[in-house]
Amino acid sequence: NGVQGLRDVLFAEAGSAQSKLLDQTNYTQPALFAFEVSLARLLMAWGINPDFLIGHSIGEVAAAYVGGLWTPEDACRLVAARARLMQDTGAGGMVSIQANSAEVESVIHEFGFGVDVAATNGPMSTVISGEIEAVLACAEALKHRGRKVRSLNVSHAFHSRTMDPVLEEF
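Cut-offs used in this document
Residues numbered from 1 in each chain as written. Predicted model: local features only at pLDDT ≥ 70, side-chain atom pairs only at ≥ 80, totals over all residues. Heavy atoms only, no water. Helix = DSSP H or I, 4+ residues; strand = E, 2+ residues; numbered from the N terminus. Buried < 20%, exposed > 50% of the residue type's maximum accessible area, 1.4 Å probe, protein only. Contact = heavy atoms within 4.5 Å. Salt bridge = Lys/Arg side-chain N within 4 Å of Asp/Glu carboxyl O. Axes fitted to C-alpha atoms, helices over the stretch in contact; angles between N-to-C directions. Left-handed = near helix turned anticlockwise from the far one by under 90°. Nonpolar A, V, L, I, M, F, W, Y, C, P; charged D, E, K, R; others polar.

K.L.:
Would you take a moment to explain the environment of Lys 148 for this structure?
P.N.:
Tracing the backbone shows Lys 148 in the loop between α7 (132-144) and β4 (149-151). Classification of Lys 148 by relative accessible area gives exposed; the value is 60%. Along the sequence, Lys 148 and Ser 96 sit 52 residues apart, while their C-alpha atoms lie 8.3 Å from each other. Ignoring anything within four residues of it in the chain, the contact list for Lys 148 reads Ser 96, Ile 97 and Gln 98.

Okay, structure coming up:
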């Protein structure tokens, strides 16, 4: 059926067609979940036990699992379903911008770009997400204002309205 196992994709020869599958969300999401859970378990094995757990995006799922909310099977089913649903949405893009979210939002509204603020990672670190043409146009407008922009290597427009069609099924 053409489906590759996650381990095979993770350890595929760099630059191979198989290794490029990791850029697809149906592989990226489970890989990130596995990495985040493994890192948490390693820290706990070293005696570093959290009182509270938080996360962003798939990190929220990893935090909930590490915190005991789900069995391993249930957590993996959730991650796989989420990844599959996200993979089935239309392609999109994301750009990281060295600007505060208020400035980014003002540019979005000023030009009527159909993009969303996907994340505010810091006082001068904002990520936008949406259909690729709109995201790139918004990024270009911010670049002309002297802001550094960097396209993110993603297959879809996470944390944007392009994900709305999967909400009901999820």
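From this point, the discussion proceeds with the structure in view.
K.L.:
What is the right way to read helix α4 (residues 58-66) from this model?
P.N.:
One turn of the α-helix equals 3.6 residues, which is why residues spaced by three or four share an orientation. Most of α4 is tucked away: eight of the nine residues are buried. Against the buried residues of α4 lie α3 (25-45) and α5 (72-87). Positive phi shows up at Gly 68, right after α4, with a value of about 95°.

K.L.:
Is there a simple way to think about the pattern of salt bridges in this case?
P.N.:
Once the charged atoms of two side chains with opposite charge are near each other, the side chains can pair. Scanning the model with the defined rule gives five salt bridges in all. Between Arg 77 and Asp 74 there is a salt bridge, with the nearest N and O atoms lying 2.4 Å from each other. Of this pair, Arg 77 and Asp 74 are both found in helix α5, three residues apart, which corresponds to roughly one turn of the helix. The exposure class assigned to Asp 74 is partly exposed, which follows from its relative accessible area of 33%.

K.L.:
Is there a simple way to think about the packing of helix α6 (residues 101-111) against α7 in this case?
P.N.:
If you want to describe how two helices pack, look at the angle between their axes and the distance between the axes. At a minimum axis distance of 10 Å, the contact between α6 and α7 shows a crossing angle of 115°. Helix-helix and strand crossings are classified by hand; for α6 and α7 the assignment is right-handed. Contact residues: α6 offers Glu 103, Val 104, Val 107, Ile 108 and Phe 111, while α7 offers Cys 138, Ala 141 and Leu 142. By residue class, the composition of the contact of α6 with α7 is seven nonpolar, no polar and one charged.

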